[in-house]
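The primary structure of each chain is shown beneath.
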Amino acid sequence: VQLQASGGGLVQAGGSLRLSCATSLSAFSLYIMAWFRQAPGKEREFVALITSNAATTYYADSVKGRFTISRDNTKNTMYLQMNSLKPEDTAVYYCAADRYGSSSARAVGNYAHWGQGTQVTVSS
């Protein structure tokens with residue numbers, strides 16, 4: 001099982017980036033998907049999740065109103081549109097998946113499959 005995150009880069013504060021997570025998951029449409037991030041010296045933290053049918057999304061308070069999570073079940077791919085980026089958004093962003101996750105799954109341990117991460121750097 002592979003999850004490949006991409007789309008990171010260097011952007012100025014106030015700018016935007018769109019991350020993608022391409023997967024080789026069979027039955028992708030049955031998986032709950034999420035984004036996490038990890039800044040230097042900090043623990044990995046929850047950013048957003050989307051349920052298998054995309055009916056429900058949840059966001060960390062720190063990104064609510066600025067980030068949008070979505071998925072395309074025909075392409076086995078998940079996205080994270082990040083707008084109004086701030087320097088504190090700087091981190092390695094990871095995508096995660098779990099076949100049996102619930103909409104309350106916000107912990108690292110809730111997810112069985114992880115991508116390799118993509119670096120997002122926001123300059124002030």
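In case you missed it, the structure is sitting above this.
Residues numbered from 1 in each chain as written. Predicted model: local features only at pLDDT ≥ 70, side-chain atom pairs only at ≥ 80, totals over all residues. Heavy atoms only, no water.

## Comments concerning the sheet that holds strand 3 (residues 17–23)
Logical step 1: What the 4 strands build is an open sheet, ordered 1-3-8-7; its pairing is antiparallel. Either end of the sheet is taken by a strand with one partner, and the two such strands are strand 1 (3–6) and strand 7 (67–72). When the angles between neighbouring strand axes are averaged without regard to direction, this sheet yields 15 degrees. (Pairing = 2+ DSSP bridges. Helix = DSSP H or I, 4+ residues; strand = E, 2+ residues; numbered from the N terminus. Axes fitted to C-alpha atoms, helices over the stretch in contact; angles between N-to-C directions.)

## Remarks on unusual backbone geometry
Logical step 1: You will see that A27, though not glycine, has its phi angle at about 60 degrees, which is positive.
Logical step 2: Overall, the relative accessible area of 41% leaves A27 in the partly exposed class.
Logical step 3: The phi torsion at S84 lies on the positive side, around 50 degrees, for a residue other than glycine.
Logical step 4: Relative to the elements of secondary structure, S84 occurs in the loop between strand 8 (77–82) and strand 9 (91–98).
Logical step 5: Judged by its relative accessible area of 41%, S84 is partly exposed. (Buried < 20%, exposed > 50% of the residue type's maximum accessible area, 1.4 Å probe, protein only.)

## What about the side chain of R37?
Logical step 1: Take R37: it is sitting in strand 4 (residues 32–38).
Logical step 2: Within the structure, R37 has its side chain in polar contact with the side chain of E45 (distance 2.7 Å).
Logical step 3: Beyond its immediate sequence surroundings of up to four residues, R37 is in contact with E43, R44, E45, V47, S62, V63, F67, E88, D89, A91, V92 and Y93. (Polar contact = N/O pair within 3.5 Å; in protein donor to acceptor, adjacent residues only side chain to side chain. Contact = heavy atoms within 4.5 Å.)

## Considering the environment of K86
Logical step 1: For K86, the position within the fold is in the loop between strand 8 and strand 9.
Logical step 2: Here the alpha-carbon distance between K86 and S16, two residues 70 residues apart in the chain, equals 9.8 Å.
Logical step 3: Ignoring sequence-local partners within four residues, the contact set of K86 consists of R66 and V122.

## Concerning the pairing of strand 4
Logical step 1: Strand 4 sits mainly inside the fold: 6 of its 7 residues count as buried.
Logical step 2: Where strand 4 and strand 9 come together, 7 bridges link them in antiparallel fashion. Bridge assignment links I32 to a residue of strand 9, and that residue is D98.
Logical step 3: When strand 4 meets strand 5 (residues 45–50), the two strands line up antiparallel, connected through 5 bridges. The residue of strand 5 that forms the bridge with M33 is I50.

## With respect to the state of the cysteines
Logical step 1: Scanning all chains against the criterion turns up 1 disulfide.
Logical step 2: Between C21 and C95 runs a disulfide, and the two sulfur atoms are separated by 2.2 Å. Judged by the sign of its S-S torsion, about 70 degrees, the bond between C21 and C95 is right-handed. One end of the pair, C21, is in strand 3; the other, C95, is in strand 9, with 74 residues separating them in the sequence. As far as the burial class goes, C21 and C95 line up, both buried. (Disulfide = S-S within 2.5 Å.)

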